[in-house]
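# A look at the structure
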Amino acid sequence: MNLNLDPGKNIHFIGVGGTGMSGLAIILHKMGYKVSGSDLNDNISTRTLKENGIMVYNFHNSGNISGSTQLVVRSAAIPIENPEIFTAKARNIEIIKYSQMLGYIMKLKKGIAVAGTHGKTTTTSMIAFILKQANYYPGFVIGGIVNQLQGSSSAGSGDLFVAEACEYDRSFLNLEPQYAIINNIEEDHLDYYRNLDDIEEAFIDFTKNIREDGILFYFNGCPNTKKVVESVDVKKISYGLEEESNYRCLSIDFNKARETFYKVLTPDKEEIEIRLSLFGLHNIINSLAAFSFCHEIGVPSDVIVKALSEFKGIKRRFEILYNKKFMIVDDYAHHPTEIKTVLKYTRENFKKNRIIVVFQPHQHSRTRFLLDDFATSFSHPDIVIVPDIYFVRDTELEKKMISSKDLVKKIVSKGGNAFYIPSFLEIEKFLDDNIIEDDLIIFMGAGNINEIAYNLVASLEENFEIKQEDKK
């Protein structure tokens with residue numbers, strides 16, 4: 001796609017509150033374009049946009065498309081019936097998707113596209129942080145807030161640009177990267193894809209977009225990923241625990257301080273010790289991908305090692321919001337594999353704590369297609385609370401086909417202790433009445449469930465002493 005992006009062009013973003021969308025909006029604003037946006041939700045992203053001098057409307061209305069608007073960028077979550085899209089079409093204003101704009105920016109530099117069902121945000125963040133510490137001055141767009149990178153995006157003054165490559169809607173086919181990374185491939189987004197074979201075909205098409213002189217990095221421990229990369233013609237570099245991996249992980253150790261240690265065996269047989277302040281095998285894989293890429297392009301090993309040891313993680317990835325008499329954790333996990341991974345780690349490392357999970361399912365279609373997998377994901381917590389499903393992208397018909405009650409019933413049938421509590425206010429009251437000292441409460445989901453977590457941090461500590469006295 002050939003975009004005409006003359007300097008100073010007026011660009012309007014519909015659904016600008018998403019992390020990726022807001023990141024692109026800020027990059028274009030700093031590149032000299034006139035940017036505006038709209039979103040139904042007022043969140044940290046929209047507030048950051050306003051702080052950067054970008055006009056953001058907290059509603060969708062045809063009037064948000066001004067007479068000077070020359071290009072509209074829409075989030076994949078925005079339906080074509082949106083009034084702003086309708087107005088833009090009526091005025092013959094060009095409308096493109098987020099991924100198309102991302103692809104345009106990536107073409108201006110040497111793009112690094114990080115793909116896979118899980119781990120995209122963490123791997124992208126690690127790479128961006130290492131490159132920044134190595135003075136490569138990278139550009140980046142990340143689907144999460146990274147305090148050490150001062151946000152989720154940067155235009156960067158260097159020639160490298162790293163971004164997440166999302167497979168939903170085959171969005172990543174709009175990218176033509178110099179380098180690509182595939183961590184793993186599993187069933188997801190089955191509201192769009194027919195089955196796993198369909199997903200794998202999309203990933204094969206994604207690899208065909210890698211530039212001829214580019215490199216594909218892939219996780220050797222995922223059979224689906226290995227199957228996809230078999231037919232790829234570009235240079236391939238593998239990473240994993242398997243002996244035949246180009247970058248092999250050795251000697252894993254998790255200590256009591258919840259740090260991770262392991263060694264990387266490089267292609268030239270050098271053993272390099274890595275320390276992470278993050279826990280879990282999934283973060284080893286993410287960091288191994290980041291190490292492999294950065295080492296391969298010439299970043300000194302000692303710089304990579306130091307950066308990985310200093311990397312503190314991403315908001316909403318087992319983010320501890322409060323840790324005194326009880327612990328409150330915010331986590332973005334919304335796919336069964338992610339949930340299992342987080343809860344297995346939690347149970348192994350907090351054996352003496354009662355674990356309460358508040359899980360907000362994300363999309364009715366995902367819940368319906370992966371219902372059995374979701375139901376078996378909650379074997380570790382003591383209590384599971386499920387509010388209504390977060391409604392996004394689905395049709396009203398899909399909404400009628402499944403509810404959180406169905407998920408709770410399924411969890412209970414698998415031996416879990418689950419309760420359906422529809423509203424946030426009811427959940428807050430339940431927690432306020434029932435949590436006790438040393439409880440670990442995890443809020444999980446890709447929607448707005450963390451609003452309860454922040455309310456708890458603000459209110460429960462104040463009332464905790466009184467309630468403990470009442471329980472004696």
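Residue positions are counted from 1 within each chain, in the order its sequence is given. Selection of residues for local features in this predicted model requires a pLDDT of at least 70, selection of side-chain atom pairs for listing and counting requires 80 or more, and totals for whole chains, interfaces and linings are taken over all residues. The basis for every side-chain value is the complete set of heavy atoms in the structure, and neither hydrogens nor water enter the calculation.

### As for the pattern of salt bridges
The salt bridge definition used is simple: a Lys or Arg side-chain nitrogen within 4 Å of an Asp or Glu carboxyl oxygen. One pass over the full model with this rule turns up 20 salt bridges. A salt bridge links Arg366 to Asp188; the nearest nitrogen and oxygen atoms lie 3.0 Å apart. Here Arg366, found in helix 11 (residues 364–369), pairs with Asp188, found in the loop between strand 10 (179–182) and helix 6 (196–208); they are 178 residues apart in sequence, far enough to count as distant. The classification of residues rests on relative accessible area computed with a 1.4 Å probe and restricted to protein chains. Under 20% of the type maximum is buried, over 50% is exposed, and intermediate values are partly exposed. Taking the relative accessible area as the measure of exposure, Asp188 reaches 5% and is therefore buried. Its salt-bridge partner being Glu200, residue Lys227 comes within 3.0 Å of it at the nearest N-O pair. In this pair, Lys227 sits in helix 7 (residues 223–229) while Glu200 sits in helix 6, placing the two residues 27 residues apart along the sequence. Classification of Lys227 by relative accessible area gives partly exposed; the value is 46%. Classification of Glu200 as buried rests on a relative accessible area of 4%. Numbering of helices and strands runs from the N terminus, with a helix taken as a DSSP run of H or I at least four residues long and a strand as a DSSP run of E at least two residues long.

### Remarks on helix 14 (residues 404–413)
The set of residues buried in helix 14 consists of Ser404, Leu407, Val408 and Ile411. Buried residues along helix 14 cover an arc of 100° about the axis, so they all sit on one side. The outward face of helix 14, more than 90 degrees from its buried face, is lined by the exposed residues Lys405, Lys409 and Ser413. In what follows, residue pairs with any heavy atoms lying within 4.5 Å of each other are defined as contacts. Packing partners of the buried residues in helix 14 comprise strand 18 (355–359), helix 12 (371–375), strand 19 (383–386) and strand 20 (418–420). Taken from the helix axis, the directions to the C-beta atoms give the arc we talk about.

### With respect to the sheet that holds strand 21 (residues 440–444)
The pairing of strands in a sheet happens through backbone hydrogen bonds and is either parallel or antiparallel. Strand order across the open sheet formed by 6 strands is 16-17-21-18-19-20, with mixed pairing between neighbours. The sheet is open, and its two edges are formed by strand 16 (319–323) and strand 20, each paired on a single side. Averaged over all pairs of adjacent strands, the angle between their axes in this sheet comes to 20°, without regard to strand direction. When strand 18 meets strand 19, the two strands line up parallel, connected through 3 bridges. Along strand 19, the bridge assignment pairs Val357 with Val384. Fitted lines through C-alpha atoms serve as axes, helices being fitted only where they are in contact, and the angles separating the N-to-C directions of these axes extend from 0 to 180 degrees. Together, strand 17 (327–331), strand 18 and strand 21 form the strand contacts of helix 10 (residues 336–349), whose direction differs from that of strand 21 by roughly 170°. Between any two strands, pairing holds if DSSP finds at least two bridges.

### A closer look at the state of the cysteines
Count a disulfide wherever a pair of cysteine sulfur atoms falls within 2.5 Å. In the structure shown here, the tally under the stated rule is 0 disulfides. The closest cysteine sulfur to the non-disulfide-bonded Cys222 is located on Cys249, 16 Å from its own sulfur. What makes Cys222 buried here is its relative accessible area of 8%. Exposure remark for Cys249: the relative accessible area of 5% places this residue in the buried category.

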